[in-house]
Amino acid sequence: MTLRLATIAICALAAVAIQAMPASAAQCGNTSAGFEAWKVQFTKEARAKGIGNRGLKALAGTRYATKTIAADRNQKSFRYSLSKFMQVRGANAIVSQGRKRKRVDARLLSSIERKYGVPAGPLLAIHGMETGFGRFMGNANVVSAIATLAYDCRRSKFFTGHLYAALQLVDRGIISANTKGAMHGEIGHTQFLPGSVLKYGVDGDRNGRIDLAGSKADALASTANFLRAHGWRPGRGYQPGQANFRAIQGWNAAGVYQKAIAIMAAQIDQ
């Protein structure tokens, strides 16, 4: 899930973010030069906000993620036309695989639809678009990527909330200091940012833990939970102008992405 509407999730992190930032708040920077000094100050703030020893240790072990910064500055595919975007992202393959997976995972997908009201098509379109149905969930260190983006001045406020969330997830054992994800710190089959894991993550396979990378059921149920929380209405349409398209807009801010998901989902659901 790329980056916009997780802003709502940031507001939900009251457990660690309700206190006002101190006057000596950690200062952002646009190069690696100040990252270690920023970490020292941010560690003090995190401790004051209730982050525990595991989270603080994970923060101490972070490194400035140069590849994350490069990726953040080069998201050119969202500037493509819709047809070009779908071609580059392999829409035909996603639809073909999505139809097969709809049959293979019929029981799981039906149970998710009964609980959350979201049909298979949008979930499988997102799953295919985000990670090729789990084939590549990323190889960046999640905590380092999020810490780097929280330090980086371009969107420091946005990613600071996600960094607190990531540290909470470490404290709770949902992720570790070594968890791998996408370049912006997204996690699992459908690429949740840490704040969204905290707010929308669910135990879809009922094994007692939330694991969006190791459990397809957790990831798809969490995605359905996210869409429902963003206004999904059972039985209503999800194409542009229809009731549920707003929920798809909640998943990703890019217009070409939203329209591509709606088109592929409809083809999968045929």
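So, here is what we can say about the structure in this document. (Residues numbered from 1 in each chain as written. Predicted model: local features only at pLDDT ≥ 70, side-chain atom pairs only at ≥ 80, totals over all residues. Heavy atoms only, no water.)

Let us look at the environment of serine 156. As for its position among the elements, serine 156 is in helix H11 (residues 156–172). For serine 156, a relative accessible area of 18% gives the class buried. Taking the C-alpha atoms as reference points, serine 156 and cysteine 28, separated by 128 residues in sequence, lie 6.9 Å from one another. (Helix = DSSP H or I, 4+ residues; strand = E, 2+ residues; numbered from the N terminus. Buried < 20%, exposed > 50% of the residue type's maximum accessible area, 1.4 Å probe, protein only.)

The next subject is the nonpolar core. Ranked by internal contacts, the top residues of the largest apolar core, which has 70 residues, are Trp38, Phe42, Leu163 and Met264. With eight residues, the top contributor of residues to this core is helix H15 (residues 255–269). Dropping the residues within four chain positions of it, leucine 163 is found in contact with Trp38, Phe42, Leu59, Val143, Ile146, Ala147 and Ala150. (Core = buried A, V, L, I, M, F, W, Y, C linked by side-chain atoms within 4.5 Å. Contact = heavy atoms within 4.5 Å.)

The next point concerns the pattern of salt bridges. Where charged atoms of side chains with opposite charge meet at close range, the side chains can pair. What the rule picks out here adds up to eight salt bridges. Between aspartate 269 and lysine 102 there is a salt bridge whose closest N-O contact spans 3.3 Å. In this pair, aspartate 269 sits in helix H15 while lysine 102 sits in helix H7 (residues 91–104), placing the two residues 167 residues apart along the sequence. Taking relative accessible area as the criterion, aspartate 269 reaches 24% and is therefore assigned partly exposed. The shortest N-O distance in the salt bridge between arginine 209 and aspartate 211 comes to 3.2 Å. (Salt bridge = Lys/Arg side-chain N within 4 Å of Asp/Glu carboxyl O.)

Evaluation of the coordinates by the stated rule reveals 14 aromatic pairs. Seen from their ring centres, phenylalanine 158 and phenylalanine 159 are 4.9 Å apart, and the 85° between their planes marks the pair as edge-to-face. Overall, phenylalanine 158 belongs to the buried group, its relative accessible area being 16%. With a centroid separation of 6.3 Å and 80° between ring planes, the pair formed by phenylalanine 192 and phenylalanine 226 is classed as edge-to-face. Linking phenylalanine 192 in the loop between strand S2 (180–181) and helix H12 (194–200) with phenylalanine 226 in helix H13 (residues 216–229), this pair joins segments that are 34 residues apart in sequence. As far as burial versus exposure is concerned, phenylalanine 192 and phenylalanine 226 are alike and both buried. Following the ring pairs from residue to residue traces out a cluster consisting of Phe35, Trp38, Phe42, Tyr64, Tyr151 and Tyr164. (Phe/Tyr/Trp six-rings, centres within 6.5 Å; stacked < 30°, edge-to-face > 60°.)

Geometric values such as these leave the question of function open.
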